[in-house]
Every structure is written in C-alpha cells, then in structure tokens.
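Each chain, letter by letter, is given below.
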Amino acid sequence: MSDDGKKPLGIQGGPRSGNVKQSFSHGRTKSVVVETKRKRVVVPKPGAKPSGSAVPAGNPSRRPAGISDAEMERRLKAVQAAKAREADDAAKRAAEEKAREEERQRRRDEAEAKEREAKEREEKAKAKAEEEERKKRDAEVAARRAAAPAAAPEERAAKTAPARKQGQEPRRDDQRQNRNKGRDDGRRSGKLTLNQALSGGDGRQRSLASMKRKQERARQKALGTNEPREKIVREVQVPEAIVVSELANRMAEKVPDVVKSLMQMGMMLTQNQTIDQDTAEIVVEEFGHKMVRVSDADVEDVIDTVEDAEADLKPRPPVITVMGHVDHGKTSVLDSIRNAKVVSGEAGGITQHIGAYQVKQGDATLTFLDTPGHAAFTSMRARGAQVTDIVVLVVAADDAVMPQTIEAIAHAKAAGVPMIVAINKIDLPAAQPDKVRTDLLQHEVIVEKMSGDVQDVEVSAVQGTGLDELLEAIALQSEILELKANPKRAAAGAVIEAQLDVGRGPVATVLVQNGTLKQGDIFVVGEQWGKVRALVNDKGDRVKEAGPSVPVEVLGLNGTPEAGDVLNVVDTEAQAREIAEYRAQAAKDKRAAAGAATTLEQLMANAKADENVSELPIVVKADVQGSAEAIAQAMEKIGNDEVRVRMLHSGVGAITESDVGLAEASGAPVFGFNVRANAPARNSANQKGVEIRYYSVIYDLVDDVKAAASGLLSAEIKENFIGYANIKEVFKVTGIGKVAGCLVTEGVARRSAGVRLLRDNVVIHEGTLKTLKRFKDEVAEVQSGQECGMAFENYDDIRPNDVIEIFEREEVERNLD
C-alpha cells in the first residue's frame, strides 16, 4: 500500500482490513495492510421462486448465457416430469407397504385363531379325560370300601382323610399326568402322591443320572459309535523304524495323543516323522499295549517253508549237469543223447549259455543242464552244481584233465552231489582213457576201474558209442538217490538263465525244484516279482503247469532277475511286491556300504591309492544275464596296479540310446555280446563318435579288452649301453667351457645318446652331450679306438681319468598277462 492516502482496493463493504508490522534485520520494519474477504451470502427476496426453479424464460438478463428460450422450456418440462415421477413412486411404495402390513396382520390373526381353537380342543379333551379318570377312581374307592370290613373309628377317620384330600387334589395330579402323556422313558413327573401309590404305580423310579446314561447310549447308537468299553490291550508289531501316524493306527489310539506323549518325552515330532524301535517301545508301553519287535526281513516269512509230509512226496526226475573243460564235447554228448544239434547254433561252437533239456529214457525222464566250459563261466558252472542231483564230468580222452575239469570237480564236491565220469572222444587215434583215469586220481576222483566208487563210461559223441551205458549209469545213480518232491505245494525253483526278449519282455529259464508252477501263479524271484503269464517247455511248446525237475521259460516278470535267484510262489501281489522291494533296498544298501568310505581318512587313502591307476571304462550289453555276469567277472580279472577295467554298466537286452549317452559321457566303448544296437542308438553313436563293437564269442571280447587295457600301460624304459670313453685331458674352450679329450674304448659314442660321468665307478652326473667333435668337425658318432672331444650340457666338473658311459633309452610296450 502506498502512502498517498488512497483507499485500498477491494469489494466495498465486504472485506475486513488490518495492519501487520513486519520486522527485518538491522532494525528495518515494514507495515502491510491485510484484507480478509467475507463469504457472500445471497438472501432471496420475498415472493421470489425457489432456488430449484430455473430462471424465467422471459428474462434474458437472468438466464444463463448461451441458453435459448426453447432450451429453457425443455429443461423446465424435464424437471417437472422428474418431480411427478418421484411423487408417483412414493405413492406406489406407500400403497405396497400398506398392503404388506395388512397381509401380515391377517396371517397373525389366522394363526391366533388356530391356536385358540387348538387350546380349546385340548382343554375339552383334558376335561373329558379328567372326568373319566375321576369317575374310575371313585368307582374303585367305592368298591374297596364295600369290600373292606368295618374298621375302628380312628382307622375310618384316617382313611377318610385321604378321601377328602382326593376331592381337592385330583385335578392338579391329573394335569401333571396328562402333561407328561406320550413319554415312554419311565420318568416320574412331580412328587410321588398317595393316589399314585394306591393306584399300583411303581414307587421306585429311574434317577436323572440313569436317564442321562440311557439318552447317551441311544445317541451313540444312532450315530453308530460304540459306548466306551474297557481298555483293550493289543499286541503292536513295530519294525525297526515306523512313522508316528502308523504307530498310532496299530495301537488304535488317536494321533494327537501319541504326538502329545512324544512331546512329554521331549521329542517334538509330527505325525509324518519316523521314530526308531526303542522310542516306539516306550510309547507303546505308556499306552498300555504290548510291543512285538519285527524286522524288515520278516516280510519273507510268508514264503512257505513247511516240511513236506512223507506221504505227500512223489518220485521226481533227476537233474543231471554236464560239466567239463572247454571243447571236451559236453554239448556234443548231450546232442547225441537228444538227437539234436545245439553246437551248430552256438557261436564258434562254444557253449555260452546254460541249456536245460528233458530226455526220455524208457519210462524215466531225465533233466539235463548243459554248462559252458570256458574259464569265464565259473559262476554258471557253480549254479549248475547247486541245483543238480548228478554231475556228468566229460573229459576228452586225447586231452586228459584240464583247468576247467579240475574246477568242475571242485564244484561237484562243494555241492555234495555224486559224479559220473564220461571219457569222450575215444574214437580218436590219440585217445588215452587210462591216462584220464590216472590223472583223476590226483584230484581224489577214483573211478570203478581203479577200484573206486565213481562210475566211468567211455563214449564217443560223434559215433554214438557208449551213450546207452552212460544213460544206464545215470538211471542207476538216480535210483540210489531216491529223489522225491511234493508236487501239490506252492512252487519253488531256481533261475538257470534270464534274458530280455524284444517281443516277450523279461524271460527267465526256471528249474522247478519243489511244488508245481502253474499259469497265473504270483511269484517273487530275487529283486523281481511277477505273475506267470505263460510257461514254455524246452521244446518251445506252451504248457499250463510245470512239476518238480521240469525246466521251463517263465513269462510275466516285471524285470530281469539275476541268474541263480530263487523263485517262490506267494499268495498275493502285495506280498510279492513287498518282498521284492525289501530285497532291492537291502541290495542297494549293501552296494552303498561296500562302495562308501566310512571315514575321511579312508576316503583320502582310497583317492591316493587310485591316483596313479588308469581306468578303461566300458559298457557291456549281453543277450542273457549269465553271459553278462560272466563278462563282468572276466573284466574284474583284467588289470594290475597301474590299469584296470571299470564296467560302467552291464545289462541284458539291445544297446539303447541311454547306453550310448552313458558311454559318451565317460569316453567308453560299448560292447554288445550277441545283441545289436537299435536304429536310434546307432544314429546317436555316429553323431557322438561312440564306438560300438559286437561279439559272439567271449574269447574275442576278453582279448580285445585286454589289448585296450594294455594300451593304457606306460611304456617300459629299457637302457642299452652302446659305448665307453676315457677322458685323457680337459681343455677350456672359449664359448663352450670345458671340453674333455676322450678315447672311445668300447662301442660307439653318439651325439644323441645319453651319457653318465663315472668317477671311481661312481656316477657323478647323468645328462646329455652338448657337443661331439672329431678334430674340429662336429660329428654324429665316433667309433671305438678313435679320439674325440666331448662337452656336457650344463656341467663342467670333469677331470682326467674319468669314464664316460654312453647309453640309449628304448621304450618297450607292456602287455597284461
């Protein structure tokens, strides 16, 4: 504001003004005029239209700008129509509310009228019933009075008093009785009156607690629950580890109660956690039950191990295993007996599978097992000896006793089975049967011709001579053994061979030892289980059942079992699955325990021991389980302290993409024994550069792996001494150092060879030559008797009369023996 006396700007009469003095630094001040504007209040004039109405159309000065008369008219009509609709809606709502209220009142009136009518009917019925009851009681009282003898006045007075009371109280008692009419619970209502006692009512009524117990039993019966009974003591089977909820179920207790008990013991566990057997025993005893300790191995108790009664035993065919050295003619002898040609079907004429056959000999039936003779099939021969009754040891007359012959003798003795010696190839000019008998004496096998108890028969598989005598010897031996079995019990047998067939799945060759195996039986074999889908005999025909000593192929397994596993028939699939899972877990734990180092020190020791060992990883797939097992055992024998063969995977069936992937990851070749790779596996191997080799003879496979493992051996360094030289004089040459003037006394001195400096026959230095000169020329070698100059690389301590030894190193390849 200026100081020229002008009035401040603003609305006249509207704002309120005031002065405000402002202070600044250095003593300066300033006065400011502040104006406060008041809100404008519009007061309508008397007779004016309400504020909701629009400005009249005829007064353009008070109409909003830009609004025409027609628009103003339309707006006024819209406002009036809206007001009319609001009034109509309000009237309609009022009418509807009034109608609803009238309807509610009408319904209330009807309900009250019905209630009154019901009450009146009930009162009339009550009055009628009370009247009838009163008449009945009066008649009974009158009858008793007439029948009773005359009594003393006091007694009459005592009896009239209740009569008078009856006249006062009947209505109230009857009302109580009628009120409780329809109850069948036997409860008393009100007090026990004299009328009730005189009318023959039961003076002893049920208590309230008794009625509550009755109602509770009825409620539990309706809900289907049993009333609480006396505590049942159960025998609770507890394995080595059990889940809390499962323990509660076996005790028939509530899970929260068991969890609470564990918490009181200081163990904060949930129902899904596992406790050990000792903790479970404490819990079971706390709940008042008896604990029965069981182990996981008890699942196998379902397998029938009952001894057979003597009356149930029937004669069974003998099982004869043919054993001997490779190429001694075991399969040929069996072929001559069967009139078949099995040798021609085997690769290289070498038996590589266990064959099971049945032969008719007159009225008797003989079961033959043909085992391989190659050194790699030791486990197969051992399995054959374990399931056999008689061993036929085939020895070639021209070859006598060989390593696998000795091994077969050991297997037969270990199994405790009788032996029959078949001396084969007697038709050859070089045959010496007596030498065979003499050689057998060294191994405690004394034949009958040598005054022993072991039968021996000379046979020729090619000409067929001596076979009848061999069969007679087998029949005689089986009669002595008196072999019997019970065909009516659950079957039990041994797996002779197992394979993975492309069209049929896992197939096991089983020799039934006891009972009868039928189609549809549920069985467990090793870590596998299954249901017999089909049985195929040795001739390829399907059969419905197989009795004792009958070899059959079993179809219907869920996996390929190990050769040598025992087959047992069980009742249900659940039992078979449980036993197989337990065995698989046990085998897994055993493998883990065998491969794991228990302490860090052992782990470090193993790592240090394997630090300098080279490994040849391989993947092997075979046609049958026995061949895969034999190859695995042969691979374990290959190697020494520097190199060994590591089998990444060994299985049965065709080579698949997963096998190729495993081989690629480890840089291993894939060996297929009598199997081939499928098309995807071949394509994958070509793309990844994985080598796949096929074999049909185990000799070749073992030799190739041995050669490959030999390639991993470090070459042996061999030193060859090629000459000696004596130092006559030592010279100092600028730029070279000390040079020895030498005379080659023996052999030759070469520039490229290694040298040693000997002083008094002690090696002082070993190294290489820096220079070799003859006169002033650098030469490659100096012959014996000639002089030369020699200088050592990085060594100058040379003296006269020292001897220089010249040698060459040669690398010699090593082979695994």
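Note that the structure is predicted; figures quoted are calculated from it, not measured.

*Asks:* Can you lay out the overall build of the protein for me, pointing to particular residues and giving the numbers?
*Replies:* Of the regular secondary structure elements, the protein holds 19 helices and 35 strands. Across the protein, the fraction of contacts at a sequence separation of at least 24, relative to all contacts at a separation of at least 6, is 67%. Per element, the accessible surface of the protein, about 50000 Å² overall, is 49% carbon and sulfur.

*Asks:* Now, about empty space enclosed by the protein: what can you tell me, with residues and values included?
*Replies:* The tally for this structure, following the rule as stated, stands at 2 cavities of 30 Å³ or more. Reported here for the second largest cavity is a volume of approximately 30 Å³. Along its surface, the second largest cavity is lined by Val322, Lys330, Val333, Leu334, Ile337, Phe368, Val392 and Leu470. Here the lining of the second largest cavity gets 4 residues from one element, more than from any other, and that element is helix α9 (residues 330–338).

*Asks:* Can you break down the environment of Leu481 residue by residue, with the values?
*Replies:* If you trace the backbone, Leu481 turns up in helix α13 (residues 467–481). Ignoring any residue separated from it by four or fewer positions in sequence, one finds Leu481 in contact with Asp389, Ile390 and Pro418.

*Asks:* Hey, could you go over the sheet that holds strand β27 (residues 692–695) for me, with residue numbers and the actual values?
*Replies:* Spatially, the 4 strands line up as an open sheet ordered β25-β24-β26-β27, and their pairing is parallel. The open sheet has two edge strands with one neighbour each: β25 (643–652) and β27. Taking the axes of each pair of neighbouring strands and ignoring which way they run, one obtains an average angle of 25° across the sheet. Note: strand β24 (residues 614–622) against β25, 9 bridges, orientation parallel. Bridging from a neighbouring strand, Ala622 pairs with Val652 of β25.

*Asks:* I'd love a proper account of the pattern of salt bridges, names of residues and values included.
*Replies:* Taken as a whole and judged by the stated rule, the model has 43 salt bridges. Across the salt bridge formed by Glu103 and Arg106, the nearest N and O atoms sit 2.2 Å from each other. Of this pair, Glu103 and Arg106 both sit in helix α1 (residues 69–147), 3 residues apart, which is roughly one turn of the helix. Overall, Arg106 belongs to the partly exposed group, its relative accessible area being 38%. Arg137 is paired through a salt bridge with Glu133; the nearest N and O atoms lie 3.6 Å apart. Remark: Glu133 and Arg137 occur in helix α1; sequence separation between them is 4 residues, near one turn of the helix. Glu133 gets classed as partly exposed once you look at its relative accessible area, which sits at 33%. One network of salt bridges, with partners in common, ties together Glu97, Arg100, Glu101, Arg104 and Arg108.

*Asks:* Lay out the pairing of strand β35 (residues 803–812) in plain terms, naming residues and giving numbers.
*Replies:* Note: strand β28 (residues 716–733) against β35, 10 bridges, orientation antiparallel. Across the sheet, Phe721 pairs through a bridge with Phe807, a residue of β35. Where strand β30 (residues 754–759) lies against β35, 5 bridges are found, and the strand directions are antiparallel. Its bridge partner lying in β35, Gly754 is registered against Phe807.

*Asks:* Got a sec to walk through the nonpolar core? Specific residues and values, please.
*Replies:* Formed by 22 residues in total, the largest nonpolar core has its most connected members in Ile337, Phe368, Leu470 and Ile474. If you list the elements that add at least two residues to this core, you get β8 (319–324), α9, β9 (355–361), β10 (364–370), β11 (390–396), β12 (419–424) and α13. The greatest single-element share of this core, amounting to 5 residues, is contributed by α13.

*Asks:* Please provide a residue-by-residue account of the confidence of the model for the protein, values included.
*Replies:* Any residue range with low pLDDT should be treated as having predicted coordinates unsuitable for detailed reading. With 78% of its residues at a pLDDT of 70 or more, the protein has an overall mean of 79. Here residues 150–155 scores under 50 on pLDDT; set against residues more than four positions off or in separate chains, the count is 1 contact. The low-confidence segment residues 373–377, where pLDDT is below 50, has 23 contacts with residues more than four positions distant or belonging to other chains.

*Asks:* Would you mind going over helix α12 (residues 433–441) in detail, with residue names and values included?
*Replies:* Those residues of α12 that fall on the buried side of the exposure criterion are Pro433, Val436, Arg437, Asp439 and Leu440. Taken down its axis, α12 places every buried residue within 165° of arc, on the same side. Buried positions along α12 lie against β11, α11 (403–415), β12 and β13 (455–458).

*Asks:* Which residues make up unusual backbone geometry, and what are the values?
*Replies:* Trans peptide bonds make up most of the peptide bonds, and negative phi angles are found at most residues other than glycine. The phi dihedral of Lys425 is positive, around 65°, even though this residue is not glycine. Looking at the element boundaries, Lys425 is found in the loop between β12 and α12. On the accessibility criterion, Lys425 (23% relative accessible area) is partly exposed. We note that Asn794 has phi near 60°; this positive angle belongs to a residue other than glycine. Considering the arrangement of structural elements, one finds Asn794 in the loop between β34 (787–792) and β35.

*Asks:* How would you summarise helix α19 (residues 698–711) if you had to cite specific residues and measurements?
*Replies:* Its 14 residues place the ends of α19 20 Å apart at the C-alpha level, agreeing with the 20 Å of an ideal helix rising 1.5 Å per residue. Taken together, the buried positions of α19 are occupied by Ile698, Leu701, Val702, Val705, Ala709 and Ser710. Across the axial projection of α19, the buried residues extend over an arc of 165°, all falling on one side. Those residues of α19 that are buried lie in contact with β24, α16 (625–637), β25, β26 (670–673) and β27.

*Asks:* Break down the packing of aromatic side chains for me, with residues and values.
*Replies:* On inspection of all chains with the given rule, the structure shows 3 aromatic pairs. Pairing Phe721 with Phe807 gives two aromatic rings, centres 6.4 Å apart and planes at 65°, and the pair type is edge-to-face. Taken together, the positions of Phe721 in strand β28 and Phe807 in strand β35 put the pair 86 residues apart, joining distant regions of the chain. Note on Phe807: relative accessible area 1%, which makes it buried. A ring pair is formed by Phe792 and Tyr795, whose centres lie 6.5 Å apart and whose planes are at 85°; its orientation type is edge-to-face. Residue classification places Phe792 among the buried positions, given a relative accessible area of 1%. Using a relative accessible area of 16% as the deciding quantity, one classes Tyr795 as buried.

*Asks:* Lay out the environment of Glu805 in plain terms, naming residues and giving numbers.
*Replies:* Here Glu805 is to be found in strand β35. On the basis of relative accessible area, Glu805 is assigned to the buried category, the value being 9%. Considered as a pair, Glu805 and Phe721 are 84 residues apart in the sequence and their alpha carbons are 7.6 Å apart. Dropping the residues within four chain positions of it, Glu805 is found in contact with Phe721, Gly723, Tyr724, Gly754, Val755, Arg756 and Leu758. Separated by 3.1 Å, the side chains of Glu805 and Tyr724 make a polar contact.

*Asks:* Residues and numbers for a nonpolar patch on the surface, please.
*Replies:* On the surface, a cluster of nonpolar side chains totalling about 220 Å² of accessible area is made up of Leu441, Ile446 and Met450. Within the secondary structure, Leu441 is located in helix α12.

*Asks:* So, a positive patch on the surface: which residues are in play, and what are the values?
*Replies:* A contiguous patch of positive charge, built from Arg206, Arg213, Lys214 and Arg217, is present on the exposed surface. Position of Arg217 among the secondary structure elements: in helix α5 (residues 208–223). With relative accessibility at 41%, the residue Arg217 sits in the partly exposed group.

*Asks:* Lay out the packing of helix α6 (residues 244–251) against helix α7 (residues 255–264) with the relevant residues and their values.
*Replies:* Contact geometry of α6 with α7 gives a least axis separation of 9 Å together with a crossing angle of 120°. As far as their axial angle goes, α7 and α6 are oblique. Considering only the axes of α6 and α7, their crossing is right-handed. Where α6 approaches α7, its residues Val244, Ser245, Ala248 and Met251 are matched on the opposing element by Val255, Val258, Val259 and Leu262. Residue composition of the contact of α6 with α7, by class: 7 nonpolar, 1 polar and no charged.

What counts, and at which threshold
- Residues numbered from 1 in each chain as written.
- Predicted model: local features only at pLDDT ≥ 70, side-chain atom pairs only at ≥ 80, totals over all residues.
- Heavy atoms only, no water.
- Helix = DSSP H or I, 4+ residues; strand = E, 2+ residues; numbered from the N terminus.
- Contact = heavy atoms within 4.5 Å.
- Areas by Shrake-Rupley, 256 points an atom, 1.4 Å probe, with all protein chains shown as cover.
- 1 Å grid on protein atoms, 1.4 Å probe; cavity = no way out; pocket = protein on both sides within 12 Å on 5 of 7 lines; lining within 4 Å.
- Points joined across faces, edges and corners; volume = space filled by probe spheres on them.
- Pairing = 2+ DSSP bridges.
- Axes fitted to C-alpha atoms, helices over the stretch in contact; angles between N-to-C directions.
- Salt bridge = Lys/Arg side-chain N within 4 Å of Asp/Glu carboxyl O.
- Buried < 20%, exposed > 50% of the residue type's maximum accessible area, 1.4 Å probe, protein only.
- Core = buried A, V, L, I, M, F, W, Y, C linked by side-chain atoms within 4.5 Å.
- pLDDT = per-residue confidence, 0-100.
- Arc of directions from axis to C-beta.
- Expected span 1.5 Å × (residues − 1).
- Phe/Tyr/Trp six-rings, centres within 6.5 Å; stacked < 30°, edge-to-face > 60°.
- Polar contact = N/O pair within 3.5 Å; in protein donor to acceptor, adjacent residues only side chain to side chain.
- Patch = residues over 30% accessible without salt bridge, like charges linked within 9 Å, V, L, I, M, F, W, Y side chains within 5 Å.
- Lys, Arg positive; Asp, Glu negative; His and termini not counted.
- Charge placed at Lys NZ, Arg CZ, Asp CG, Glu CD.
- Parallel < 35°, antiparallel > 145°, perpendicular 65-115°, else oblique.
- Left-handed = near helix turned anticlockwise from the far one by under 90°.
- Nonpolar A, V, L, I, M, F, W, Y, C, P; charged D, E, K, R; others polar.

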